[in-house]
Every structure is written in structure tokens, then in C-alpha cells.
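Secondary and tertiary structure notes
Spelled out, the chains give:
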Amino acid sequence: MIVTVGKNGAIPLPPDEDFSAENRLKIGDILLCTIMKDKRSIKLEKFSDQSLSDKEIKAHGYLCRVEEFNPEYF
């Protein structure tokens, strides 16, 4: 999926109907973000350990937590 990064690093995602049940994202999910070779695409996948703290997520460097949409970021 190609996404456009908004202010403060926010990434808008398509509606739930674009995801299968297993890939559906929920508020609070931890994602592994991989920048693809073309540097325009970001691969988002659920991280295997969903119990990490915010400090652990930040220390990893390639993880983020799904947060509620804030229109100020776009």
C-alpha cells in the first residue's frame, strides 16, 4: 500500500472494508513499518509482540502504535 505521510508522521489508512479480518487494524495495535526500495511505499504489518510499552516501541525504531485519527495532522 502506498501512503502519504501527513504532518507529525501521521499515515491515513483506507477504510476497514479494504482489509481482510486478519489484517484489520485496531486502535492500539503495534505495527512494524518498513520503507520499500522505491522510498515512496511503506509496508505496514502487525508486529509479533503486541505487549510492548511506548518506551520499547520508541527504542526499536521501526515500530509505531495505531492511534485515533486527528484531522489537525493533515
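The present account deals with the structure reproduced in this document. (Residues numbered from 1 in each chain as written. Predicted model: local features only at pLDDT ≥ 70, side-chain atom pairs only at ≥ 80, totals over all residues. Heavy atoms only, no water.)

Section: the pairing of strand 1 (residues 30-35)
Our working definition: Being paired, for any two strands, means DSSP has found at least two bridges between them. Think of it this way: any DSSP run of H or I at least four residues long counts as a helix, any run of E at least two long counts as a strand, and we number them from the N terminus.
Relative to strand 3 (residues 63-65), strand 1 runs antiparallel, the two sharing three bridges. Its bridge partner lying in strand 3, isoleucine 30 is registered against arginine 65. Note that strand 1 and strand 2 (residues 42-46) share five bridges and pair antiparallel. Pairing of threonine 34 across the sheet is with lysine 43, part of strand 2.

Remarks on the side chain of aspartate 29
The criterion, for reference: Side-chain atoms alone can form a polar contact between residues adjacent in sequence; in general such a contact is a pair of N or O atoms within 3.5 Å, and within protein one must be able to donate a hydrogen while the other accepts it. Throughout, a residue-residue contact means that at least one pair of heavy atoms, one from each residue, lies within 4.5 Å.
Following the sequence through the fold, aspartate 29 ends up in the segment before strand 1. A polar side-chain atom of aspartate 29 sits 3.4 Å from a polar atom in the side chain of lysine 46. When residues no more than four places from it in sequence are discounted, the contact partners of aspartate 29 are Arg24, Lys46, Gln50, Cys64, Arg65 and Val66.

Overview of the sheet that holds strand 3
Our working definition: Axis definition: a line fit to C-alpha positions, over the contact stretch in the case of helices; interaxial angles, taken between N-to-C directions, run 0 to 180 degrees.
With antiparallel pairing, the three strands of this open sheet are ordered in space as 2-1-3. Both outer strands of the open sheet, strand 2 and strand 3, are each paired with one neighbouring strand and no more. For this sheet, the mean angle separating the axes of adjacent strands, direction not counted, is 35°.

A word on the pattern of salt bridges
The test is simple: Each salt bridge in this description consists of a side-chain nitrogen of Lys or Arg and a carboxyl oxygen of Asp or Glu lying within 4 Å of one another. Each residue's exposure class comes from its accessible area (1.4 Å probe, protein chains only) as a fraction of the maximum for that residue type: buried when under 20%, exposed when over 50%, partly exposed otherwise.
Summed over all chains, the structure comprises three salt bridges. A salt bridge links glutamate 45 to lysine 43, with the shortest nitrogen-to-oxygen separation between them at 3.9 Å. When its relative accessible area of 41% is taken as the criterion, lysine 43 is described as partly exposed. One salt bridge in this structure joins aspartate 54 and arginine 65, with 3.0 Å as the shortest N-O distance. On the criterion of sequence distance, the pair formed by aspartate 54 in helix 1 (residues 54-60) and arginine 65 in strand 3 is long-range, its members being eleven residues apart.

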